[in-house]
Amino acid sequence: MPILNVKVSGKKSIETTKRINELLLDLTHRILGKKKEVTAIAIDYVELDQWFVGGHLLSEQGKNSFFFDIKITDETNTKDEKAKYIKEAFAGFERILGNLHEESYIYVQDVRAASYGYGGKTQEYRYHQ
């Protein structure tokens, strides 16, 4: 836990993929306090001529963008921690991708412990064990 689903504009690059993984693994551990060994990150690429913002292609705007969501167990992080996470993640993607469109989104999704888990066990079950 947690799981991050990431979409990045541009051509697939193992170097960029590794840098994004390192960034998100660090922030998720350092700010949200999640264990690195159970953090899963899936990264997909979308070509600049297939991503629209405001009705215009990123390729026309000369911009890059990203979106990711992260699912965490509800009530395990404060509003301040989530705000810091979002701020630092945006800045990190700016460093990695450059020329970032402001309309790049991060969604920290609080999920009920009884409805979320891995290895066949809910987080609620783990809490009580």
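The notes below deal with the structure included here. Sequence order as written defines the numbering, with residues in each chain counted from 1. Confidence filtering applies because this is a predicted model: local features only for residues at pLDDT of at least 70, side-chain atom pairs given and counted only at 80 or more, and all residues used for totals across whole chains, interfaces and linings. Values shown for side chains rest on all heavy atoms present in the structure; no hydrogens or waters enter the calculation.

Viewed as axis vectors pointing N to C, helix 1 (residues 14-30) and helix 3 (residues 79-97) meet at an angle of 165°, and their least axial separation amounts to 10 Å. When the axis of helix 1 is compared with that of helix 3, the two are roughly antiparallel. Helix 3 is crossed by helix 1, and the crossing has right-handed handedness. Residues Thr16, Arg19, Ile20, Leu23, Leu24, Leu27, Thr28 and Arg30 of helix 1 form the contact with helix 3, whose participating residues are Tyr85, Glu88, Ala89, Gly92, Phe93, Arg95, Ile96 and Leu97. Of the residues that constitute the contact of helix 1 with helix 3, the class distribution is nine nonpolar, three polar and four charged. Every axis corresponds to a line fitted to the C-alpha atoms, with the helix fit spanning only the stretch in contact, and the corresponding angles, defined between N-to-C directions, vary from 0 to 180 degrees. In this text, helices come from DSSP runs of H or I with a minimum length of four residues, and strands from runs of E with a minimum of two, each type numbered from the N-terminal end. Any angle that falls under 35 degrees is termed roughly parallel, while one over 145 is termed roughly antiparallel, one within 65 to 115 roughly perpendicular, and all others oblique. In this scheme, a crossing is called left-handed if the near helix is turned counterclockwise away from the far one by less than a right angle; it is called right-handed if the turn is clockwise. By definition, residues are in contact when any of their heavy atoms lie within 4.5 Å. Throughout this entry, Asp, Glu, Lys and Arg are counted as charged residues, while Ala, Val, Leu, Ile, Met, Phe, Trp, Tyr, Cys and Pro are counted as nonpolar. The remaining residues, Gly among them, count as polar.

It is worth spelling out the environment of Glu15 at this point. Mapping Glu15 onto the fold places it in helix 1. Distance from Glu15 to Ile3, taken between C-alpha atoms, is 21 Å for residues 12 residues apart in sequence.

Nothing here speaks to function; it is all geometry.
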